[in-house]
Amino acid sequence: MDSKDRFVTLTQAAQILGYKHYASILRLIEEGYLQTYKDQKGRKNRLKYKEVFSLAVPEKEFLVKQSSENL
């Protein structure tokens, strides 16, 4: 299995995206930005790594955007 096809937990997704708690991931799921899946062992509420990572914004890009919004 390619590493980009692997599944991650809600907590792992929160860490990838820089959130302190997985509740923010639940909000992204509710808003339709992320979809949950069952993994190969039948466990629910897993997310595809590549889908989570696609929401990530590089820190430098985030800082530039924030500084331009504060002008």
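Everything here concerns the structure above.
A. Here's a closer look at helix 2 (residues 23-30). Those residues of helix 2 that fall on the buried side of the exposure criterion are S24, I25 and L28. Across the axial projection of helix 2, the buried residues extend over an arc of 100 degrees, all falling on one side.

B. Quick peek at the nonpolar core. Within the largest apolar cluster, 10 residues are counted, these being V8, L10, A13, A14, I25, L28, L34, L47, Y49 and V52. Those elements that provide at least two residues to this core are helix 1 (10-17), helix 2 and helix 3 (49-55). The element contributing the most residues to this core is helix 1, with three residues. Not counting residues within four places of it along the chain, the set of residues in contact with L28 comprises L17, Y19, Y33, L34 and L55.

C. Layout of the packing of aromatic side chains. In this structure the tally under the stated criterion is two aromatic pairs. For the ring pair F7 and Y37, a centre distance of 6.1 Å and an interplane angle of 55 degrees mean the geometry is tilted. With F7 in strand 1 (residues 7-8) and Y37 in the loop between helix 2 and strand 2 (47-48), the pair connects residues that are 30 residues apart, well separated along the chain. You can call Y37 buried: its relative accessible area is 19%. Ring geometry for Y49 and F53: centres 5.7 Å apart, planes at 15 degrees, overall stacked. Linking Y49 with F53, this pair stays in helix 3, spanning four residues, or about one helical turn.

What counts, and where the lines are drawn
Residues take numbers from 1 onward in each chain, read along the sequence in its written order. The predicted nature of this model means local features are confined to residues of pLDDT at least 70 and side-chain atom pairs, given and counted, to a pLDDT of 80 or more, with totals for whole chains, interfaces and linings taken over all residues. Side-chain numbers come from the whole structure's heavy atoms, not from hydrogens or water. The buried label applies to any residue whose accessible area, calculated with a 1.4 Å probe on protein chains only, is under 20% of its type's maximum; exposed applies above 50%, and partly exposed to all values in between. Think of it this way: any DSSP run of H or I at least four residues long counts as a helix, any run of E at least two long counts as a strand, and we number them from the N terminus. The arc in question is the one traced by the directions running from the helix axis out to the C-beta atoms. Think of a nonpolar core as a cluster: buried Ala, Val, Leu, Ile, Met, Phe, Trp, Tyr and Cys residues, connected wherever their side-chain atoms sit within 4.5 Å. Contact definition: two residues touch when any of their heavy atoms are within 4.5 Å. Two rings belonging to Phe, Tyr or Trp (six-membered ring only in the last case) form a pair when the distance between their centres is within 6.5 Å. Interplanar angles under 30 degrees mark stacking, angles over 60 mark edge-to-face geometry, and anything in between is tilted.

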